[in-house]
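# Geometric and topological summary
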Number of protein chains: 2
Amino acid sequence: MFKINDNYLKLPGSYLFSTIAKKVAAFKEANPDKDVISLGIGDVTQPLAPAVIDALHKAVDEMSRAETFHGYAPDLGYEFLRSAIVEDDYKARGVEIALDEVFVSDGAKSDSGNIVDIFSQDNVIAVTDPVYPVYVDSNAMSGKTGDYLKDKECWSNVVYMPCTAENDFVPALPERTPDIIYICCPNNPTGTTLNKDQLQKWVDYANEKKAVIIYDAAYEAYISEADVPHSIYECDNAKTCAIEMRSFSKNAGFTGTRLGFTVIPKELKSGDVSLNSLWARRHGTKFNGAPYIIQRAGEAVYSEAGKAQTKEQIAYYMNNAKVIREGLQGMGYTVFGGINAPYIWLQTPDGMKSWDFFDNLLEKANVVGTPGSGFGPSGEGYFRLTAFGSAENTKKALERIKNL
Amino acid sequence: MFKINDNYLKLPGSYLFSTIAKKVAAFKEANPDKDVISLGIGDVTQPLAPAVIDALHKAVDEMSRAETFHGYAPDLGYEFLRSAIVEDDYKARGVEIALDEVFVSDGAKSDSGNIVDIFSQDNVIAVTDPVYPVYVDSNAMSGKTGDYLKDKECWSNVVYMPCTAENDFVPALPERTPDIIYICCPNNPTGTTLNKDQLQKWVDYANEKKAVIIYDAAYEAYISEADVPHSIYECDNAKTCAIEMRSFSKNAGFTGTRLGFTVIPKELKSGDVSLNSLWARRHGTKFNGAPYIIQRAGEAVYSEAGKAQTKEQIAYYMNNAKVIREGLQGMGYTVFGGINAPYIWLQTPDGMKSWDFFDNLLEKANVVGTPGSGFGPSGEGYFRLTAFGSAENTKKALERIKNL
């Protein structure tokens, strides 16, 4: 008789954004006349850059002729894309990464969920709290998080590192030593960052404790301040302790186009075994590459035209961030983020519960955001708005919140 | 201190096709003047069908305008694609599958590797032997296969069901009862099939033992004989025991375009828990959809033009299969497959070891195939050739083998 993985049964509710999608769908069905604006899920709205569109058309044409047709991609991804990554994302910032330390994938969500595969059951993970739900959920699914404590809304065997207004959203080194530390910087959901000195402390701590840092840099393109590192490998000795994940979703609008990559330096080892070799084995066995045409689209992001065009997109979204941030401040809200990230993290008024604020905003302003508590216990009393809407909708949403 | 998943260390060698790719690369480097023909990995060579190309261009154009841009896809895949699947792959064959029983993915390799996630450690798997390596390797990685016995070239806790010329490649019901049974039909690597009565026996057995069948139907488009089922759900009561996986790689040449799907009927349950809900949770948490433009390409495969054009491609490859099969028979080889599948499974002459035959063929004929033993112990003494080359190369390869 087959047995299911009953770790799945411990998971509370469904995936956060699935829950929100269902709530919004129910509201829309009951109120078909309402014009709902979503500043909820971090999904982009601007079209792909012209350079990316051109590359896609060209690659599609290649697929139409036998001489230029592409079948299975190389295991790690096409070299044209990995070279561009190595040059532009790393070498240009003084970081040396080898071609075979880059693994091209269908996105950072898959990678950050699948990375659990190469670690044993008995690792203790640490996460900033609040946190992008995939880190904890994927570890829960593989039985690494203990039991879910319903009253405390947290897992028994996870080290939570609160990030709130009180500590300026900078996590303190934990009392209990973790084995795997998830850091997302610029942070989703708070929109805050660590500067280079603050991140170096974590790198030193991980090396000292022989812990591994899973560093999610999906939002690095939004960094505007000089002392915020774009890669964890800008810190000294990070290659012996850190895995870095990147995405094309937010820097180039690939949420529906799907492309990302993970860097695992060969120096990162457990005894004699490099994590690079384990991930290579997983990648080769349980994945078959991102589509050729999408990898060509990714390459175009690094072209001169692609860089200029995606920079404009980011400026567009960051202008939205400014509108939200300053608009909310003008209404008396306390807000964070929005300087180096497309997320604004607001404190709910009068200590209102996050989900109550969600319902209120949906019902009265027809604006969708994300309840802070959905990201972890320390997110209670906070709420996330994203800058990924259109400029018009963003302004409209702010007007509606003002009239609440 | 972080701990790795040391199940990975038990895996013998690297993924089969990575090993072959390395061997071939080394040969080419040492022999730059040789024209190597690959009938090895099951990778297609014909360009995408015009209807698919048109759909791709159209979808790319949609991504270039804000009004028609697509961000994150729905969790299960776009309804336009799932509807086409439900209608054409199932309803047209008398099988009722609900829209939310279809999960669109980036391919059958990912799905067949990732499906282990929803099962507990203590399931015993059964595989036909020889078998597509991903089933066993992915279970080994998650600790479900015991130890690798080097002398026997098999895992201690896997039920192997030999499929050889002796039993006409029809696996016998095993003595030890398995919990999860992998069946690939038409079969990779042997190119043989089960007819409906033979498959019904497996469905009945699985229902009786409360085992689950993971049915890989990646090659169903190549079926030419009337009594071979295209879907396991054509058998009675299969919905309570079977998961079916499909791919666009072989029926429409999507090996480098990446699209597939998995069907999990809601009736398939462990106690109260449906596997459909577990896979939905995994899909929502650790995957973010196939690209919009690729899902549109998949939809085009089901258009009238797409059907006619992909049918032609399949006829082209099946003509190659005929050339290989009859050519080899003419040389005195004993061959199997090639009637309902694009694979020809030959017996090596004079009981030569599979890898020796591989080396011989590569060095003397400059033709790449796949050693049977790479697919499991009962594959020893066999060798796989694929029909996915160009017609010209296929003929040339046969000439060279003739002159060996």
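Basis of the calculations
Residues numbered from 1 in each chain as written. Chains lettered and ligands numbered in written order. Predicted model: local features only at pLDDT ≥ 70, side-chain atom pairs only at ≥ 80, totals over all residues. Heavy atoms only, no water. Phe/Tyr/Trp six-rings, centres within 6.5 Å; stacked < 30°, edge-to-face > 60°. Helix = DSSP H or I, 4+ residues; strand = E, 2+ residues; numbered from the N terminus. Least-squares fit on C-alpha atoms with pLDDT ≥ 70 in both. pLDDT = per-residue confidence, 0-100. Core = buried A, V, L, I, M, F, W, Y, C linked by side-chain atoms within 4.5 Å. Buried < 20%, exposed > 50% of the residue type's maximum accessible area, 1.4 Å probe, protein only. Contact = heavy atoms within 4.5 Å. Expected span 1.5 Å × (residues − 1). Right-handed = clockwise from strand over helix to strand, strands pointing away. Pairing = 2+ DSSP bridges.

## Re the packing of aromatic side chains
Evaluated as defined, the whole model comprises 50 aromatic pairs over all chains. With a centroid separation of 6.2 Å and an interplanar angle of 65°, the aromatic rings of A:Phe248 and A:Phe261 are classed as edge-to-face. Residue A:Phe248 is found in the loop between strand 9 (242-247) and strand 10 (260-263), and its partner A:Phe261 is found in strand 10; the two are separated by 13 residues along the sequence. Ring centres of B:Phe357 and B:Phe383 lie 4.8 Å apart, and the angle between their planes is 70°; on these two criteria the pair is classed as edge-to-face. Residue B:Phe357 is located in helix 11 (residues 354-365), and its partner B:Phe383 is located in strand 17 (residues 382-386); the two are separated by 26 residues in the primary sequence.

## A look at the relation of the copies chain B and chain A
The two copies are related by a screw operation: chain B maps onto chain A through 180° of rotation and 0.0 Å of translation along the axis, at an RMSD of 0.0 Å. Taken together, the rotation angle and the small translation identify this as a two-fold axis. Across chain B, the smallest distance between a C-alpha and the rotation axis is recorded for B:His57, namely 3.1 Å.

## Concerning the confidence of the model for chain A
Scored by pLDDT, chain A has a mean of 96; 100% of the residues are at 70 or more. Two numbers describe this predicted complex: its pTM, 0.96, and its ipTM, 0.96.

## Focus: the nonpolar core
Counting 274 residues, the largest nonpolar core has A:Ile213, A:Leu275, A:Ile293, B:Ile213, B:Leu275 and B:Ile293 as the members making the most contacts within it. Beyond its immediate chain neighbours, meaning those up to four positions away, A:Leu275 contacts A:Ile118, A:Phe119, A:Val212, A:Ile243, A:Ile264, A:Leu268, B:Phe2 and B:Ile4.

## What about helix 2 (residues 16-30) of chain A?
At 3.6 residues per turn, the α-helix brings residues three or four places apart onto the same side. Residues and elements named next belong to chain A. Over its 15 residues, helix 2 extends 22 Å from the first C-alpha to the last, a length consistent with the 21 Å expected when each residue adds 1.5 Å. Among the residues making up helix 2, those that are buried are Leu16, Phe17, Ser18, Ile20, Val24 and Phe27. Looking at the packing, one finds that the buried side of helix 2 touches helix 6 (133-141), helix 11 (354-365), strand 15 (367-368), strand 16 (370-371) and strand 17 (382-386).

## A short note on the pairing of strand 8 (residues 212-216) of chain A
All names here are of chain A. Most of strand 8 is tucked away, with 5 of its 5 residues classed as buried. Neither face of strand 8 is left uncovered, since the one carrying Val212, Ile214 and Asp216 and the one carrying Ile213 and Tyr215 both have all their residues buried. In the classification by handedness, the crossover that spans strand 7 (residues 180-184), the intervening helix 7 (residues 196-209) and the parallel strand 8 is right-handed. With 4 bridges joining them, strand 8 and strand 9 adopt parallel strand pairing. Bridge pairing links isoleucine 214 to isoleucine 243 in strand 9.

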